[in-house]
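# Breakdown of the fold
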Amino acid sequence: VAQLASRVATVLRARNRAGAAALAEALDEAGRSPGLDPDAAAYLAVLRGVLSGRRVQAQALALSEPYRSAYFSLELLMKGVSPMGALLERLQHNCRLVLSADSPEARAALDAVLGELEARSGRGGPDLPAGLPDFLAALRRALSGDWPGAGEPAGGFGDRRLDAVWAGVR
């Protein structure tokens with residue numbers, strides 16, 4: 001979901017008309033897939049609207065999560081702002097929510113998302129904090145109930161944003 005928003009932003013920021021047309025065609029094709037989840041179809045329609053230059057904010061507000069967040073990350077990318085702050089805010093919120101809900105299904109779903117993010121963050125990137133893979137691994141351990149003991153460091157990921165989110169989850 002987030003990768004698709006990033007791809008749209010990249011094509012638009014590069015002013016790549018041929019790339020935008022090809023991506024729009026791919027979105028149209030994906031939108032015609034039989035059995036496509038209606039929430040995913042709405043997201044694809046919003047991205048298609050962005051590519052065609054239409055105002056889609058009202059449609060974007062009606063999107064369900066994680067599509068709504070991905071769209072607003074797209075807006076940040078289009079403005080040249082790193083979406084890292086929004087991602088970390090969502091991670092903190094979702095971790096706190098899952099921990100308070102005490103739902104094995106919610107924990108498993110969030111663990112899968114964190115695992116995917118951890119794998120992607122391991123490849124690095126210019127806007128990624130160096131401690132992000134360790135941070136995501138720590139969140140995954142915390143979701144499984146493996147919190148640092150009293151004598152162990154809590155946080156210390158080498159990035160004040162990561163440390164602040166960690167403190168907010170605990």
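Everything in this summary refers to the structure shown in the same document. All values reported here derive from a predicted model rather than from experimental measurement. (Residues numbered from 1 in each chain as written. Predicted model: local features only at pLDDT ≥ 70, side-chain atom pairs only at ≥ 80, totals over all residues. Heavy atoms only, no water.)

## Re the overall build of the protein
Helix and strand counts for the protein stand at 9 helices and 0 strands. In sequence order, the protein lays out its α and β elements as α-α-α-α-α-α-α-α-α. When burial is assessed residue by residue, the protein has 34% of its 170 residues classed as buried. In the protein, 55% of the contacts between residues at least 6 apart in sequence involve partners at least 24 apart. Carbon and sulfur atoms make up 53% of the accessible area of the protein, which totals about 9,900 Å². (Helix = DSSP H or I, 4+ residues; strand = E, 2+ residues; numbered from the N terminus. Buried < 20%, exposed > 50% of the residue type's maximum accessible area, 1.4 Å probe, protein only. Contact = heavy atoms within 4.5 Å. Areas by Shrake-Rupley, 256 points an atom, 1.4 Å probe, with all protein chains shown as cover.)

## Some words on the nonpolar core
In terms of nonpolar packing, the biggest core is built from 23 residues, with Val8, Tyr43, Leu51, Leu63, Tyr71 and Leu74 touching the most fellow members. Secondary structure elements with two or more residues in this core: helix 1 (2-13), helix 2 (17-31), helix 3 (38-51) and helix 5 (67-78). The element best represented in this core is helix 3, accounting for 7 residues. Excluding anything up to four places from it in sequence, Leu63 contacts Ala42, Tyr43, Val46, Arg68 and Tyr71. Of all hydrophobic cores here, the second largest spans 20 residues; its members include Val98, Leu132, Leu139 and Val169. (Core = buried A, V, L, I, M, F, W, Y, C linked by side-chain atoms within 4.5 Å.)

## Quick look at the packing of helix 6 (residues 84-101) against helix 7 (residues 104-121)
Between two packed helices, the angle of one axis relative to the other and the distance separating the axes together describe the packing. For the pair helix 6 and helix 7, interaxial distance at closest approach is 10 Å and the crossing angle is 155°. In terms of orientation, helix 6 lies roughly antiparallel with respect to helix 7. Here helix 6 and helix 7 pass one another in a crossing that is left-handed. Along the contact surface, helix 6 presents Leu87, Leu91, Asn94, Cys95, Val98 and Leu99, while helix 7 presents Ala106, Arg107, Leu110, Leu114 and Leu117. (Axes fitted to C-alpha atoms, helices over the stretch in contact; angles between N-to-C directions. Parallel < 35°, antiparallel > 145°, perpendicular 65-115°, else oblique. Left-handed = near helix turned anticlockwise from the far one by under 90°.)

## Brief notes about unusual backbone geometry
Positive phi is not limited to glycine here, since Arg15 has a value of about 55°. Structurally, Arg15 is set in the loop between helix 1 and helix 2. In this structure Arg15 comes out as exposed when scored by relative accessible area, which is 74%.

## Description of the side chain of Asp159
You can see Asp159 is positioned in the loop between helix 8 (132-143) and helix 9 (160-169). Taking the relative accessible area as the measure of exposure, Asp159 reaches 14% and is therefore buried. A polar contact is formed between the side chain of Asp159 and the backbone nitrogen of Arg161, at a distance of 2.8 Å. (Polar contact = N/O pair within 3.5 Å; in protein donor to acceptor, adjacent residues only side chain to side chain.)

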